[in-house]
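Chain and residue survey
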Amino acid sequence: MNFFGIENISNEELNFKYDKYYKDLCTNLKNVPEEKNKIKTSSKLELNSLLQNIKIDENSLKKNFINLLLDENSAKILWILYSKYKKNENYIDILSNTLKKENEVVRGGTNTYKINGWMTHTLYVYQIVNYNIAKNIELENYIDSKKQIEELHKIYCALDMPAVFVLKVFCLIHDIGVSENIGLHDVYGVNLVEKVLDELGITEESLKQFNLKLANFINIQKSIIKYHTLITSLSSEGSDEYVQNNFEDLISNISDENIKKQIPKILFLMSYGDVIAVDESLMNLEKYERIKDGYLFFEEIINEKPHKRNKEKVAIERICDTAGKIEYETLKNNLDDILKQNNIDKTAFIKNMFNIKVMRYTGPLMKTLNDTNLCIKIYSELFDLIVKVKSKEALKEYKILFVPDEHEKEFVKEFKNGNFFKCIQEMKKSKQEECIYGKTKLIFGTDQDGKYLHIKII
């Protein structure tokens, strides 16, 4: 079989279980980090042996890349391009320098699929959405996916062809900003959209088949990339007010009315893949329902329908989502005791948990911590810090960011040795904009996204 400048693809190569292969590879890299280079070298040799008969014409590949994405086997072909090397570069690297730089970024901890290079995560997202969901095929690596995939398949089938193409490109480039700044990759990714689309050969002429103008397409991708984590923020890291304001900003920047109406579906489908392609352990029925709540929340906004959510339920869901390994009913039944043990006022805590503007990178961190009691204490102390140093009203204005420059384990050390809490106490007393205690550094400031409280390990 020949595809878009790719020759001699056999059924064995096309239907190879790349998702399972890369899951095993990434798990091995996590479990035996000291053998990382040896494992990667062995994998590269193994994949090159599998794909040795395939020949690729780079110019023809770029010219035909849109047609490749439209092919029903696009996910499999992208895996082949990622797995076949020409010297030290795979063919995704050769196709796009922006995607190559993304793949040079690795992430450990909870992030199983990013430990091999970020594009492993991205291509798994692409596969989940544009193969498994598109064809209603349950996931090889996630045994509880059948009913979820069936439901998502119906939503995928409701998209028209222009929206499907927007979704495909979105899945492929949603994380390009990590090469510039992991913590703000959604914001930094916006500035790389035009470059990566040019590298992929997406032009005014090629978009005519979708009735899309290049300028509009660029703007759509910039808007959804900037807010691609928004749907998972609801009932996890972002307040209802913050999420709604940002979603309204997103759709206000999209002039194509047809695409605008389909944005909730596009975000929902990509976000489902985005969570699983970090690690399957992050997805379960409760997590799925929370993401679906975000989708329905956005549909209500699009259709100008009112919505009102229970503050206590939302607060508990946010803790469950970020802490992990605890179900909603379990935490609901134990919350009063946990708060009493930590001398935390329940009414104030629920209100603060509901009102805090947004928290970032709490999920990977708190799952590494693996202590719901301590997680609640950390949140409570941070809320109290903002109230004491700024004001009660400031909670709605502040973003709390655990700056992901260091491994999650380094934060956990500072939580458990008490330095984090001592730093908070010192800052409450001094009411200064910065404070350092041990390896913990707390900083109040303002950036392009507004006011923030950063927690750093130095």
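Please refer to the structure placed before this passage.
Just so it is clear, the structure is predicted and the values come from calculations on it, not from any experiment.

Further remarks concern helix H3 (residues 36-50). The end-to-end C-alpha separation of H3 is 21 Å, in line with the 21 Å expected for 15 residues at 1.5 Å each. Taken together, the buried positions of H3 are occupied by Ile-39, Ser-43, Leu-47 and Leu-50. Viewed along the axis of H3, the buried residues span an arc of 60°, placing them on a single side of the element. Along H3, the residues that are exposed and aim more than 90 degrees away from the buried face are Asn-37, Lys-38 and Leu-45. Next to the buried residues of H3 lie helix H1 (11-14), helix H2 (18-31) and helix H6 (74-83).

The next point concerns the packing of aromatic side chains. For any pair of aromatic rings, the description consists of the separation of the ring centres together with the inter-plane angle of the planes. Summed over all chains, the structure comprises 22 aromatic pairs. Ring centres 4.1 Å apart and planes at 5° place the aromatic pair Phe-247 and Phe-298 in the stacked group. Highlighted residues: Phe-247 in helix H16 (residues 240-252) and Phe-298 in helix H18 (residues 285-302), separated in sequence by 51 residues. Each member of the pair, Phe-247 as well as Phe-298, is classed as buried. Centroid distance Phe-402 to Phe-415: 6.3 Å. Interplanar angle 90°. Geometry classified as edge-to-face. A residue pair is termed long-range when its members are at least 10 positions apart, and Phe-402 in strand E6 (residues 398-402) and Phe-415 in helix H24 (residues 408-416) qualify at 13 residues. Per residue, the accessibility class of Phe-402 equals that of Phe-415, and both read buried. Here the aromatic cluster, defined as three or more aromatic residues joined through ring pairs, consists of Phe-16, Tyr-18, Tyr-21, Tyr-22, Trp-79 and Tyr-82. Here the guanidinium or amino end of Lys-377 rests over the ring plane of Phe-421, the centre of that ring lying 4.5 Å away. Sitting above the plane of the Phe-444 ring, Lys-390 keeps its charged end 4.9 Å from the centroid.

Another point: the layout of surface pockets. Any empty space left between the atoms is revealed when a probe the size of a water molecule rolls over them. The computed volume of the largest pocket comes to approximately 1300 Å³. For the largest pocket, the lining is made up of 49 residues, of which Thr-110, Leu-282, Gly-363, Pro-364 and Lys-367 are closest to its centre. In terms of residue count, the dominant contributor to the lining of the largest pocket is helix H22 (residues 362-369) (five residues). Of the residues in the lining of the largest pocket, the class split is twelve nonpolar, 21 polar and 16 charged. Taken as a whole, the second largest pocket holds about 390 Å³ of empty space. If you go around the second largest pocket, you meet 18 residues; those closest to its centre are Lys-40, Lys-44, Tyr-85, Asn-103 and Asn-116.

A separate point is the sheet that holds E6. Ordered by their spatial adjacency, five strands build an open sheet running E5-E6-E9-E8-E7, and the pairing between neighbours is mixed. Of all the strands in the sheet, just strand E5 (358-360) and strand E7 (434-437) have a single pairing partner and so form its edges. Within this sheet the neighbouring strands show an average axis-to-axis angle of 20°, counted without direction. As paired elements, strand E8 (residues 440-447) and strand E9 (residues 450-457) share eight bridges and run antiparallel to each other. For Lys-441, the partnering residue across the bridge sits in E9 and is Lys-456. Each of E5, E6, E8 and E9 is contacted by helix H23 (residues 372-389), which is oriented at about 135° to E6, the strand it contacts most.

For Asn-116, the position within the fold is in the loop between helix H8 (97-103) and helix H9 (118-135). Judged by relative accessible area, Asn-116 falls into the buried class, the value being 13%. Between the C-alpha atoms of Asn-116 and Lys-40, which are 76 residues apart in sequence, the distance is 8.1 Å. For Asn-116, the contacting residues outside a window of four places in its chain are Tyr-22, Leu-25, Cys-26, Leu-29, Lys-40, Tyr-82 and Val-106. Looking at Asn-116, its side chain comes within polar contact range of the side chain of Thr-120, at 2.9 Å.

The rules behind the values
Residues numbered from 1 in each chain as written. Predicted model: local features only at pLDDT ≥ 70, side-chain atom pairs only at ≥ 80, totals over all residues. Heavy atoms only, no water. Helix = DSSP H or I, 4+ residues; strand = E, 2+ residues; numbered from the N terminus. Expected span 1.5 Å × (residues − 1). Buried < 20%, exposed > 50% of the residue type's maximum accessible area, 1.4 Å probe, protein only. Arc of directions from axis to C-beta. Contact = heavy atoms within 4.5 Å. Phe/Tyr/Trp six-rings, centres within 6.5 Å; stacked < 30°, edge-to-face > 60°. Lys NZ or Arg CZ within 6 Å of the ring centre and 35° of its normal. 1 Å grid on protein atoms, 1.4 Å probe; cavity = no way out; pocket = protein on both sides within 12 Å on 5 of 7 lines; lining within 4 Å. Points joined across faces, edges and corners; volume = space filled by probe spheres on them. Nonpolar A, V, L, I, M, F, W, Y, C, P; charged D, E, K, R; others polar. Pairing = 2+ DSSP bridges. Axes fitted to C-alpha atoms, helices over the stretch in contact; angles between N-to-C directions. Polar contact = N/O pair within 3.5 Å; in protein donor to acceptor, adjacent residues only side chain to side chain.

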